[in-house]
Amino acid sequence: MLEFYKTIGNRVCQIDGLEDGCWVCAISPTEKEVRYLVDEMHLEQDFVRAALDDEETSRVECEEGQTLVIVDVPLAEKQEEDNTILYTTMPMAIIVTEHQVITVSLKENAVLTELGQGLVKNVQTHYKNSFLLKILLRVATRFLQYLKQIDKISYTTENFLHKTMRNKELIQLLGLEKSLVYFSTSLKSNEVTLEKILRGRIIKLYEEDEDLLEDVIIEVKQAIEMCNIYSNILSNTMDALSSII
């Protein structure tokens, strides 16, 4: 699916086609759409296909006037079979060219949805580097939101287990423990990429952009710290439950 967005009247709106200063959102693109990105928009083929590999790691690179930033974004997926929530991550590519910003991902995620619906304030798609940093900030913020949800679910589930020992709650806790491992690995990988952007001057940053990037790094560091704390708490809880069982 290919969709085109542009800031009009200080709000991100969907437009009919490609324009200078727009954002191109590619979610699970078909082969025909991939060809359009490569042949018509002249994007590096490796850049486009990188995000379509779910094993791709976070990184930043530049080639022939195009900058690729791959970051892991968090996902919350409801498991129908046992009605639990599994939190995972997936790579998302952000490609910055001379005229547009393009995002490529295998699945829809909350960050893209919020941006597309105009829910994020002060987003200017034609300020390409600033827009890139706004996307990275939303990714970091979404990690923090999901970590708070994990903590809440963990607390509620643990209270259920104090009253009655059921497999469903135990499976939920095991799933949350696995989710925290995914989050921790992805956040550390994102942090390295962000530090490289800050140090390496791969992307031209104005003073306000540097401040924004530093804010993103602070959010990521906070998320890593929260992840470690929740992981330790959950690990101790599971050990205690194992002893009781």
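The structure presented is a predicted model; accordingly, all values stated were derived computationally and were not measured.

(A) Quick peek at the pattern of salt bridges. The full count for this structure, using the stated rule, is 10 salt bridges. Where salt bridges share partners, they join Glu 56, Arg 59 and Glu 61 into one cluster.

(B) Region of interest: the nonpolar core. Counting residues in each nonpolar core, the largest one holds 57 residues, and the members touching the most others are Trp 23, Val 69, Ile 94, Leu 115, Leu 136, Leu 147 and Phe 183. Broken down by secondary-structure element, the contributors of at least two residues to this core are strand 3 (23–27), strand 5 (66–79), strand 6 (84–96), helix 3 (110–116), helix 4 (128–163), helix 5 (167–200) and helix 6 (207–244). For this core, the leading source of residues is helix 4, giving 14 residues. Once residues lying within four places of it in the same chain are set aside, the contact partners of Leu 136 are Val 69, Val 71, Ile 94, Leu 194, Ile 197 and Val 216. Judged by nonpolar contacts, the second largest core, of 21 residues, contains Ala 26, Leu 43, Phe 47 and Val 104.

(C) Representation of the packing of aromatic side chains within the structure. Under the defined criterion, the tally for this structure stands at five aromatic pairs. Aromatic side chains Trp 23 and Phe 131 sit 5.6 Å apart centroid to centroid with 65 degrees between the ring planes, which places their arrangement in the edge-to-face category. Residue Trp 23 is found in strand 3, and its partner Phe 131 is found in helix 4; the two are separated by 108 residues along the sequence. Like Trp 23, the residue Phe 131 is buried in the burial classification. Ring plane angle 80 degrees and centroid distance 6.3 Å describe the contact between Tyr 87 and Phe 183, whose orientation is recorded as edge-to-face. Note that Tyr 87 is positioned in strand 6 and Phe 183 in helix 5, a separation of 96 residues in sequence. An identical accessibility class is assigned to Tyr 87 and Phe 183; each is buried. Three or more aromatic residues joined by ring pairs form one cluster here, namely Tyr 87, Phe 143, Tyr 146 and Phe 183.

(D) Spatial organisation of the side chain of Ser 154. Structurally, Ser 154 can be placed in helix 4. On the basis of relative accessible area, Ser 154 is assigned to the buried category, the value being 11%. Sequence-distant contacts of Ser 154, that is, excluding residues within four places in its chain, are made with Leu 173, Leu 176 and Leu 234.

Reading the values: the criteria
Residues numbered from 1 in each chain as written. Predicted model: local features only at pLDDT ≥ 70, side-chain atom pairs only at ≥ 80, totals over all residues. Heavy atoms only, no water. Salt bridge = Lys/Arg side-chain N within 4 Å of Asp/Glu carboxyl O. Core = buried A, V, L, I, M, F, W, Y, C linked by side-chain atoms within 4.5 Å. Buried < 20%, exposed > 50% of the residue type's maximum accessible area, 1.4 Å probe, protein only. Helix = DSSP H or I, 4+ residues; strand = E, 2+ residues; numbered from the N terminus. Contact = heavy atoms within 4.5 Å. Phe/Tyr/Trp six-rings, centres within 6.5 Å; stacked < 30°, edge-to-face > 60°.

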